Amino acid sequence: MVKVRSFIIALILVGIGIWAFIHFSPSEERKVRKQFGLLSGWASKAQGETPLIMAQKTRKIGTLFAENCGLEVPLYSISGNLTRDEIIGYAARGRLLFSELSLRFYDLTVSFPEEGIAKVSSTARLTGKLNVGENVDETHELQCVLKKIGKRWFFSHMEVVEVLKR
Amino acid sequence: MNGNKKIRKFFFPSLTPNFLIRALLVTLFTYLFFGHVCIPFHIQGSSMEPTYHNGGFNFCWRLHYLFSKPKRNEVVAIRFTGRHVMLLKRVVALEGEWVEFRDGKLLINGKELDEPYIRYPCNWNLSPRQVEVNCVYVVGDNRNMPVENHYFGQTSIRRIMGVPLW
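In this report, we go over the structure that sits alongside the text. (Residues numbered from 1 in each chain as written. Chains lettered and ligands numbered in written order. Predicted model: local features only at pLDDT ≥ 70, side-chain atom pairs only at ≥ 80, totals over all residues.)

1. Things to note about the sheet that holds strand β5 (residues 98-102) of chain B
Residues and elements named next belong to chain B. The strand order across the open sheet formed by four strands is β7-β6-β5-β8, and the pairing between neighbours is antiparallel. Two strands bound the open sheet, and with one partner strand each, they are β7 (111-112) and β8 (126-130). Direction of pairing for β5 relative to strand β6 (residues 105-108): antiparallel, over a ladder of four bridges. By the bridge assignment, Val99 is partnered in β6 with Ile108. (Pairing = 2+ DSSP bridges. Helix = DSSP H or I, 4+ residues; strand = E, 2+ residues; numbered from the N terminus.)

See below:
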């Protein structure tokens, strides 16, 4: 009886150990996922955001992208290669339209097809309120490619996948 | 006194191997059943009004299409990247069929489809288009909004997760 109990306790401890190792070790996948968390935080906007915070957040969004990033967002007629400054411009103009904005990513699937390249599929949900008072609630499937430059991962391609095609 | 003991035993059972095995099995079953077979979801949005209301709760039954393909008039849950965000829509046309909206009437292969679930007036117009192979055409029940604001179209059968339980 004592042996069985010790075995079960040992099994639980090993499980906790494995979980802690996976959870706290800074693997490449965790680093990639972190970039999405940062993008989500910096793209989101609380009501009454000051111009200073807005400028700060918009500049930070730019730091997540590579010098040149391919963007394919047919819904908003955005297509082609954009420089980091152009992305900052789009982000700033986009955020200005909203009084409140929340961008969240779900179901992230990360794969590494080759060294220094990460492919990520995710569901992006954008909710918020436009300055004109209209509520916005949009969900899209996003395919992203991130490149590792130095020790950091940068978005180098983003594409919105059409789930329902008219 | 005896009752107190029973209550205490119920809430704080002794950690016997049998109890731990039972708890493990219940946890495993719950995870598999509610995580993969019968997924709970919360309805957000009004695109399926009046059949499904904003704020409602339901379960996505995944085994429904284990041995069959989606049929016309069935309400289905469509996934994006994963199962955290899904679309709830009604199948109106199957592969190879032609879909068209003319003055709010839905035409399949040129014939008007009887849609008893539509309660609100609709004035949509959409030129005829053919549903691709291994796809179905889905639309929400609430067509009392501009056609541009309603998310509908054809989607791959692979994206269909299941049907709502009720």
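2. Details of the sheet that holds strand β3 (residues 75-79) of chain B
Residues and elements named next belong to chain B. Taking strand neighbours across the sheet as the criterion, the seven strands line up as β1-β2-β11-β3-β4-β9-β10 in an open arrangement whose pairing is antiparallel. The open sheet has two edge strands, β1 (38-42) and β10 (153-156), and neither has a second partner. Sheet twist, expressed as the average angle between the axes of neighbouring strands with direction ignored, equals 50°. Judged from the four bridges that link them, strand β9 (residues 135-139) and β10 form a sheet pairing that is antiparallel. Bridged to Val138 within β10 is Gly153. (Axes fitted to C-alpha atoms, helices over the stretch in contact; angles between N-to-C directions.)

3. Notes on the nonpolar core
One broad rule of soluble globular proteins: the nonpolar side chains tend to lie buried together. Counting residues in hydrophobic clusters, the biggest one holds 24 residues, and the most contacted among them are Ala77, Ile78, Val92 and Val138 of chain B. Elements with a contribution of two residues or more to this core: β3, β4 (86-93), β9 and β11 (160-164) of chain B. Looking at this core element by element, the count peaks at six residues for β4 of chain B. If sequence neighbours within four positions are ignored, Ala77 of chain B has contacts with Cys60, Met86, Leu88, Met161, Gly162, Val163 and Pro164 of chain B. Counting 19 residues, the second largest nonpolar core, distinct from the first, contains Phe36, Leu64, Ile87 and Met158 of chain A. (Core = buried A, V, L, I, M, F, W, Y, C linked by C-beta atoms within 7 Å. Buried ≥ 20, exposed ≤ 12 C-beta atoms within 10 Å, placed from the backbone. Contact = placed C-beta atoms within 7 Å.)

4. Observations concerning the packing of helix α3 (residues 51-62) of chain A against helix α4 (residues 84-96) of chain A
All names here are of chain A. Two numbers describe how α3 lies on α4: the axes approach to 9 Å, and their chain directions differ by 140°. In terms of their interaxial angle, α3 and α4 are classed as oblique. Helix-helix and strand crossings are classified by hand; for α3 and α4 the assignment is right-handed. On α4, the residues touching Met54, Thr58, Arg59, Ile61 and Gly62 of α3 are Arg84, Ile87, Ile88, Ala91, Ala92 and Arg95. (Parallel < 35°, antiparallel > 145°, perpendicular 65-115°, else oblique. Left-handed = near helix turned anticlockwise from the far one by under 90°.)

5. Description of unusual backbone geometry
All names here are of chain B. Following Glu49, the chain continues to Pro50 via a peptide bond in cis, the omega torsion being 0°. Within the fold, Pro50 resides in the loop between β1 and β2 (57-61). In this structure, Asn134 is a non-glycine residue whose phi angle is positive, near 60°. For Asn134, the location among the structural elements is in the loop between β8 and β9.

6. Observations concerning the packing of helix α2 (residues 28-43) of chain A against α3 of chain A
Residue and element names in this part refer to chain A. Contact pair α2 / α3: the axes reach a minimum separation of 9 Å and the direction vectors enclose 155°. Taken together, α2 and α3 sit at an angle that is classed as roughly antiparallel. α3 is crossed by α2, and the crossing has left-handed handedness. For the pair α2 and α3, contact is made by Leu39, Trp42 and Ala43 and by Lys57, Lys60 and Ile61, respectively. The residue makeup of the contact of α2 with α3, split by class, is four nonpolar, no polar and two charged. (Nonpolar A, V, L, I, M, F, W, Y, C, P; charged D, E, K, R; others polar.)

7. A closer look at the interface of chain B and chain A
Note on interface size: it is often stated as the accessible area lost on association of the parts. At the junction of the two partners, chain B supplies 16 residues and chain A supplies 17 residues. Going through the elements one at a time, α2 (17-37) and β10 of chain B are the ones with two or more residues in the side of chain B that touches chain A. No other element matches β10 of chain B, which puts three residues into the side of chain B that touches chain A.

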